[in-house]
Amino acid sequence: MIDPSIPPGVAPDHRTIPFARPLLGDEERRAVAAVLDGHMLTHGPRVAAFEKAFADRLGSAHAVALSSCTAGLHLALVAKGIGPGDEVIVPAMTHVATAHAVEHCGAQVVFADVEAATGCLDPDAAAEAVTPRTRAIMPVHYLGLPCDMGRLAAIAERAGAALVEDAATGLGARWGDVPAGTIGDCGVFSFYPTKHMTTLEGGMLVTDDGALDAAVRKRRAFGYDKGLGERSLPGLYDVDTLGWNYRMNEVQAAIGLCQLDRLDGFLAARAANAARLSERLADLDGAQVFPLVAGVRTSGHFCVNLTLDRDSGVSREDLMRHLQARGVGFSVHYPIALPESRYYAGRHAAAADAFPVARWIARRTLSLPCGPHLTADDVEAVADAVCDFFGKE
Ligand SMILES: *Cc1c(COP(=O)(O)O)cnc(C)c1O
């Protein structure tokens, strides 16, 4: 069986605490069986119920279930009319999906550096990247900590640009009292197996904008002019726009409803694990942990990010090998600053000294597990392994 949480090159039997592990149980099994026993596999009541439950939980007017977060980021930009000649500002440190969504529209990715203290899109860098062609800004809530949404919203408004939140790792995160993902024009969540909750693959776009909701809904299903329930006779429709097949199916939604019921427990476990790990890893000689709270920004605890000091002689590869030998899973978010990736370097020449923070994070951080799959002993074992490496008592 392939475990998505296994870092590349790590044999499954070499470690006992995975970086991430989806928690699926009897509830999910029963819910899937009920879908398979029926005849409605797509376009059914479970997708609608999952959308309603998710929107209610986030306090959003609308939620659209999709085949992935990447699909949602793409459709958000399409729905905003973004295309060739337009520019979209994307952090230089993020999952490649954020930038690819822009490329799929034929628009130009404009990278901006991230904050050294948090890894989130730096508002100063974003403001500097604005041009008359800027049509959207895409804040990424890096590993669960929300971006500085107050400043980014002001920059977007001044630029006349849309604010599309990549909230793939932002579930449970809050900016003041407001959930991450509900601050911009829309926010998109991921239900990939390593994220806060899973539908195997899947995503959800939330928005208060009825026109945006309708535009995304239409484009996730080919651009039909009438939804399945709106046709006077089955099979009759016209097509009035370009669309994709980006739907979520009933099995995914059935699992998502069960996971949503368990989300409060998942988030509480993450918060407790992250707090304990951060406490144990405070004052390491040569490394630090990214904050779980920054002003009004509160993390949803996707992982605990250990960052090696720029001037410390510690080798990240040595640390990785040490953790691997101790059976502690880890990951790297993300192993390349996107402007340096082969695809984007080939499309946008960037100065060698551009995006210094993103480059530093790509080379010097390591993501430690804090998911609900960890027992209290696991958390101590992760902390012990890291402390031993740094010679901390
Ligand atoms: C996981 C992730 C994505 C992609 O999500 P999918 O659902 O796999 O498409 C996009 N952005 C960020 C920041 C992610 O972590």
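Structure shown above.
Note that the structure is predicted; figures quoted are calculated from it, not measured.

Definitions and cut-offs
- Residues numbered from 1 in each chain as written.
- Predicted model: local features only at pLDDT ≥ 70, side-chain atom pairs only at ≥ 80, totals over all residues.
- Heavy atoms only, no water.
- Pairing = 2+ DSSP bridges.
- Helix = DSSP H or I, 4+ residues; strand = E, 2+ residues; numbered from the N terminus.
- Axes fitted to C-alpha atoms, helices over the stretch in contact; angles between N-to-C directions.
- Parallel < 35°, antiparallel > 145°, perpendicular 65-115°, else oblique.
- Left-handed = near helix turned anticlockwise from the far one by under 90°.
- Contact = heavy atoms within 4.5 Å.
- Nonpolar A, V, L, I, M, F, W, Y, C, P; charged D, E, K, R; others polar.
- Buried < 20%, exposed > 50% of the residue type's maximum accessible area, 1.4 Å probe, protein only.
- Phe/Tyr/Trp six-rings, centres within 6.5 Å; stacked < 30°, edge-to-face > 60°.
- Lys NZ or Arg CZ within 6 Å of the ring centre and 35° of its normal.
- 1 Å grid on protein atoms, 1.4 Å probe; cavity = no way out; pocket = protein on both sides within 12 Å on 5 of 7 lines; lining within 4 Å.
- Points joined across faces, edges and corners; volume = space filled by probe spheres on them.

Undergrad: I tried to follow the sheet that holds strand S11 (residues 293–294) on my own but got confused; where do I start?
TA: Through backbone hydrogen bonds, the strands of a sheet pair up, either in parallel or in antiparallel fashion. With respect to topology, four strands assemble into an open sheet ordered S7-S6-S12-S11, the strand pairing being antiparallel. In this open sheet, the two edge strands, each paired with only one partner strand, are strand S7 (178–179) and S11. Sheet topology places S11 next to strand S12 (residues 297–298); two bridges connect them, and they run antiparallel. By the bridge assignment, Ala294 is partnered in S12 with Arg297.

Undergrad: Explanation requested: the packing of helix H2 (residues 45–58) against helix H8 (residues 250–280) in the structure shown.
TA: Where H2 meets H8, the closest approach of the two axes is 7 Å, and the angle between their N-to-C directions is 25°. Taken together, the axis directions place H2 and H8 in an arrangement best described as roughly parallel. Between H2 and H8 lies a crossing whose hand is left-handed. Along the contact surface, H2 presents Pro45, Arg46, Val47, Ala49, Phe50, Ala53, Phe54 and Arg57, while H8 presents Glu250, Ala253, Ala254, Gly256, Leu257, Leu260, Leu263, Asp264 and Leu267. Per-class residue counts for the contact of H2 with H8 are 12 nonpolar, one polar and four charged.

Undergrad: Can you walk me through the environment of Ala34 in this structure?
TA: Turning to its location among the elements, Ala34 is positioned in helix H1 (residues 26–37). Overall, Ala34 belongs to the partly exposed group, its relative accessible area being 38%. Residues Ala34 and Phe50 lie 16 residues apart in sequence; the distance between their C-alpha atoms is 15 Å.

Undergrad: Any chance you could explain the packing of aromatic side chains here in plain terms?
TA: The geometry of two aromatic rings is summed up by the distance between their centres and the angle between their planes. By the definition in use, this model includes 13 aromatic pairs. Between Phe111 and Phe355, the aromatic rings sit 6.3 Å apart at their centres with planes inclined by 80°, giving edge-to-face as the arrangement. Of this pair, Phe111 sits in strand S3 (residues 108–112) while Phe355 sits in the loop between helix H10 (342–347) and helix H11 (356–364), and the two are 244 residues apart along the sequence. In this pair, the class of Phe111 matches that of Phe355, namely buried. On the basis of an interplanar angle of 80° and a centroid distance of 5.2 Å, the ring pair of Phe389 and Phe390 is categorised as edge-to-face. The partly exposed category is assigned to Phe389, whose relative accessible area is 26%. Classification of Phe390 by relative accessible area gives buried; the value is 11%. Ring-pair connections join several aromatic residues into one group, and the members of that group are Phe50, Phe54, Phe189 and Phe191. Here the basic side chain of Arg231 rests over the ring of Tyr224, its NZ or CZ set 4.8 Å away from the ring centre. The residue whose ring lies beneath Arg310 is Trp360, and the NZ or CZ to ring-centre distance is 4.4 Å.

Undergrad: I would appreciate a short explanation of H11 in the present structure.
TA: Summarising burial for H11: seven of the nine residues are buried, a large majority. Looking at H11, one finds that the buried residues are Val357, Ala358, Arg359, Trp360, Ile361, Ala362 and Arg364. Taken together, the buried residues of H11 touch strand S13 (304–308), helix H9 (316–325) and strand S14 (365–368).

Undergrad: Could you clarify how one ought to interpret unusual backbone geometry in this entry?
TA: As a rule of thumb, non-glycine residues mostly have phi less than zero, and peptide bonds are mostly trans rather than cis. The omega torsion of the bond from His333 to Tyr334 falls at -5°, within 30 degrees of zero and hence cis. For Tyr334, the location among the structural elements is in the loop between H9 and H10. Positive phi, close to 55°, is recorded for Phe355, a residue that is not glycine.

Undergrad: Help me understand the sheet that holds strand S8 (residues 186–190) in this model?
TA: The seven strands lie next to each other as S1-S9-S8-S5-S4-S2-S3, forming an open sheet whose pairing is mixed. Among the strands making up the open sheet, the edge pair consists of strand S1 (62–66) and S3. The sheet shows a mean angle of 25° between the axes of neighbouring strands, direction not considered. With three bridges connecting them, strand S2 (residues 87–91) and strand S4 (residues 134–137) associate as parallel partners. Bridge pairing links Glu87 to Thr134 in S4. Helix-sheet contacts for helix H6 (residues 149–159) involve S4 and strand S5 (162–166), and the interaxial angle to S5 is about 145°.

Undergrad: Would you take a moment to explain the layout of surface pockets for this structure?
TA: In this approach, a probe sized like a water molecule rolls over the atoms, and the result shows the empty space that is left. Considering only enclosed or pocket space, the second largest pocket measures out at about 520 Å³ in volume. Around the second largest pocket sit 20 residues that line it, and His43, Arg217, Arg220, Gly227 and Leu228 are the ones nearest its centre. Looking at the lining of the second largest pocket, the elements that each hand over two or more residues are H2 and helix H7 (210–219).

Undergrad: How do you make sense of empty space enclosed by the protein when you look at a structure like this?
TA: Within the structure shown, the criterion is met by four cavities of 30 Å³ or more. One number sums up the size of the largest cavity: a volume of about 120 Å³. Taken together, 18 residues make up the lining of the largest cavity; nearest its centre are Arg21, Lys195, His196, Arg270 and Pro372. A per-class count over the lining of the largest cavity returns nine nonpolar, six polar and three charged. In this model, the second largest cavity occupies a volume close to 100 Å³. Around the second largest cavity sit Thr118, Tyr142, Leu143, Leu145, Phe290, Pro291, Leu292, Ser299, Cys303, Val304 and Asn305, which together line it.

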